[in-house]
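Coordinate analysis (summary)
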Amino acid sequence: MTATHGTISRLLVANRGEIARRIFRTCRELGVETVAVFSDVDEDAPHVTEADLAVRLGRPLSYLDVETLVEAAKRSGADAVHPGYGFLSENAAFAAAVIDAGLTWVGPPPEAIAAMGSKIEAKRLMAEAGVPVLPSLPVEAAREGEGAGWRYPLLVKASAGGGGRGMRVVRTPGELDAAVAAASREAESAFGEGTVFVEPLLERARHVEVQILADVHGTVWALGERECSIQRRHQKVVEECPSPAVSPKLRERLESAAVAAAAKIGYVGAGTVEFLLKDDTIAFLEMNTRLQVEHPVTELVYGVDLVELQLRVAEGAPLPGRGPAPRGHAVEVRLYAEDASHLPQSGVVELFEIPGPVRVDSGVESGSVVSTHYDPMLAKIIAYGASRAEAIRKLTASLDRSRVHGLVTNRALLRNVLAHPAFAGGDTHTGFLDEYDLGGPAAPTELEALAAALATAARNREAATVQRSLPSGWRNVRSQPRVARFEEIEVCYDPVPDEVTVVSATPYQVVVEVGGMRRAFAVAHHGARVYVGDTRLTPLSRLPEPAEHHAPGSLLAPMPGSVLRVEVEQGEAVAKGQVVLVLEAMKMEHQIAAPADGVVSAVMVEKGSQVEAEAVLAIIEEGEA
């Protein structure tokens, strides 16, 4: 199929959130008009207001509707379509539909997408091209187990898609069928294709990938490698360029393999060839026929704008014969809305501030709503430095000073990764977060709690003055100390501790002096919660509302979602850790397990039920059946 080439004047981005805003930014610099698309739950999203035009699609999953997206491009007068990443970015049928409509497709040919769209077929083609690959086999063959020459652990992988969706680690034969079923369901939900296969799990390996860019004239660039080994649930969390483990000689091998992969399938545009790396052994994982989430680290090190280059290649322009040389180091972290248990969060982002000399590619701003329908990534924060240590230092400082209020985030986890000695030494692998318990957010300090108490008292005084009533804090008995009680900590603030001097206290800033050292705390109030910097404190009411009591053994929904499966029946005996039911939220499955041995006394939901956070799902009576 021949792609349409020509000057792009109006570009529709068939995506949302952070990547749509990222593409729009380059378009504004190039003078290209932009068209956003949005679902019913996204109508107030930042990417919608930033575009020159915006087309409503309808239901939340309409970003996966090929016909609707092509029609939106036609109605808007767009002459080109950029798919971003995720959704339909690696869907050959979508690329073909765009080209058939006479529009310019900003991506590789449909044939190249199709060739790499099946990981099974991709590995076969790469082996033919001389690219080293891991063996793989169909699920039925894997069930023959060690008799077929296979050894556990194994990895079940979705043949389509990426982003960690549809992957499960299997350590014993008894786990295989359940892992295959779960991976297939997740892949079907995310990509519309549930085929899975099995390959050996190469533990403690690094995940590295090579950025390629190819034009229609046969020139292929390989822009070094990215290290993406820090992962959770097979999704990348921290990325950097270059990899601290790759020598110039090894880089040459990786780049040569990536160029051979591109040449094998007649690739055009930006793409990524992913490898597992263990010592000096490299093995092809997959090829992503799109722009990657972590592309900014390559842009900063190589001094390029990959979106601009994508557009110019799509217009038919040639790349210079040689790509640019690398300089310096860049590190990126992905900021997610998730709690300490890595469960995704939804709700309102009350405040979003990421300071410092860093690049921030975000899908949200203050006041944005994070829905349960999409990935919970809020932003990517990227730091560049002349050295790896400098980039890490800048990124750490930015995270320390960031203020993201309203939702729980993984900021503390990211900060802990950057500060870990193994990461500082470049000793990373795909099991890094399993090996090291980096914990959740630190508890509020006494000084932070004191700042929250003093700021709240100042706010109450201001409110009392406006209402012309008695000032907050007026008491007949001055000898009684005043204590502020939060869910997380309590602190006496009147009088303040002997070693603390209060320099000033307003509702929004508290300055204290301890041991001759002054420290200022920025304070924000959102509803009942108080934030000191990025530390959240929740005041306990002196007259609390009657709490809702749940029966002992109640299993509560950790987040809003849909009940995908109920695995037990009323009266059934269950063991501690046994899966009781499965929720689907933000395109991922979340298992709800029995907290102890017992009997299911009640099941409160059924398959397809929509539940809110804290809803009772089932009740387990502890004890033997």
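Residues numbered from 1 in each chain as written. Predicted model: local features only at pLDDT ≥ 70, side-chain atom pairs only at ≥ 80, totals over all residues. Heavy atoms only, no water.

1. Comments concerning the packing of helix H12 (residues 388–401) against helix H13 (residues 411–419)
The test is simple: Helix axes are fitted to C-alpha atoms over the stretch in contact, other axes to C-alpha atoms as well, and angles between N-to-C directions run from 0 to 180 degrees. Working definition: helices are DSSP H or I runs of at least four residues, strands are E runs of at least two. Numbering for both runs from the N terminus. Angles below 35 degrees are treated as roughly parallel, those above 145 as roughly antiparallel, those between 65 and 115 as roughly perpendicular, and all remaining angles as oblique. Less than a right angle of anticlockwise turn of the near helix away from the far helix marks a crossing as left-handed, whereas a clockwise turn marks it as right-handed. We call two residues in contact when some of their heavy atoms are within 4.5 Å.
Direction vectors running N to C along H12 and H13 enclose 155°, while the axes themselves pass 10 Å from each other. When the axes of H12 and H13 are compared, the pair comes out roughly antiparallel. Considering how the two elements wind past one another, H12 and H13 form a crossing that is left-handed. Together, Ile-392, Leu-395, Thr-396, Leu-399 and Asp-400 of H12 and Arg-411, Leu-414, Arg-415 and Leu-418 of H13 make up the contact between the two elements.

2. As for the pairing of strand E22 (residues 490–494)
Here is the rule: For two strands to be treated as a pair, DSSP must find at least two bridges joining them.
By the bridge criterion, four bridges tie strand E21 (residues 482–485) to E22 in an arrangement that is antiparallel. Each residue of the ladder has a partner; that of Val-483, found in E22, is Cys-492. The antiparallel pairing of E21 with E22 creates a hairpin that spans four residues between the two strands.

3. What about the nonpolar core?
Definition in use: Side-chain atoms within 4.5 Å are what join buried Ala, Val, Leu, Ile, Met, Phe, Trp, Tyr and Cys residues into a set we call a nonpolar core. Buried, partly exposed and exposed residues are distinguished by accessible area as a fraction of the type maximum, computed with a 1.4 Å probe on protein chains only: under 20%, between the cut-offs, and over 50%, respectively.
One finds Ile-8, Leu-11, Ile-23, Val-106 and Leu-309 to be the most contacted residues of the largest nonpolar core, which totals 37 residues. The element contributing the most residues to this core is helix H11 (residues 306–314), with six residues. Those residues in contact with Val-106 that sit more than four places away from it in its chain are Ile-8, Leu-11, Ala-80, Val-81, His-82, Pro-83, Gln-310, Leu-311 and Ala-314.

4. Quick notes on the sheet that holds strand E8 (residues 196–200)
The antiparallel open sheet is built from three strands, whose spatial order is E7-E6-E8. Edge positions in the sheet fall to strand E7 (167–170) and E8, since each of these pairs with one other strand and no more. Strand after strand, the sheet turns through a mean of 25° between neighbouring axes, direction not considered. When strand E6 (residues 154–158) meets E8, the two strands line up antiparallel, connected through five bridges. In the sheet register, Leu-155 faces E8, and the bridge partner there is Glu-199.

5. A look at the environment of Arg-290
To keep things clear, this is the line we draw: Counted as a polar contact is a pair of N or O atoms within 3.5 Å, where, for protein atoms, one must be capable of donating a hydrogen and the other of accepting one, and residues adjacent in sequence contribute only when both atoms are in side chains.
Mapped onto the elements, Arg-290 comes out in the loop between strand E13 (281–288) and helix H10 (295–302). Under the relative-accessibility criterion, Arg-290 is labelled buried at 9%. Of the polar contacts made by the side chain of Arg-290, one reaches the side chain of Gln-292; its length is 2.6 Å.

6. Points about the confidence of the model for the protein chain
Test applied: Summary of the metric used: pLDDT quantifies the predictor's per-residue confidence within the range 0 to 100.
Considering every residue of the protein chain, the mean pLDDT works out to 90; 93% of them sit at 70 or more. Of the regions scoring below 50 in pLDDT, residues 469–477 engages in 11 contacts with residues more than four places distant in sequence or in other chains.

7. A look at the side chain of His-420
One can find His-420 in the loop between H13 and helix H14 (421–424). In this structure His-420 comes out as buried when scored by relative accessible area, which is 16%. Among the polar contacts made by the side chain of His-420, one reaches the main-chain amide nitrogen of Ala-422 at a distance of 3.0 Å. Apart from the residues within four sequence positions on either side, His-420 is in contact with Phe-432, Tyr-436 and Leu-438.

8. Thoughts on the environment of Phe-87
In this fold, Phe-87 is placed in the loop between strand E4 (80–82) and helix H4 (92–100). Expressed as a C-alpha distance, the spacing of Phe-87 and Lys-249, which sit 162 residues apart in the sequence, is 36 Å. If we ignore the near neighbours within four places in the chain, the residues touching Phe-87 are Asn-15, Arg-16, Tyr-63, Leu-64 and Tyr-374.

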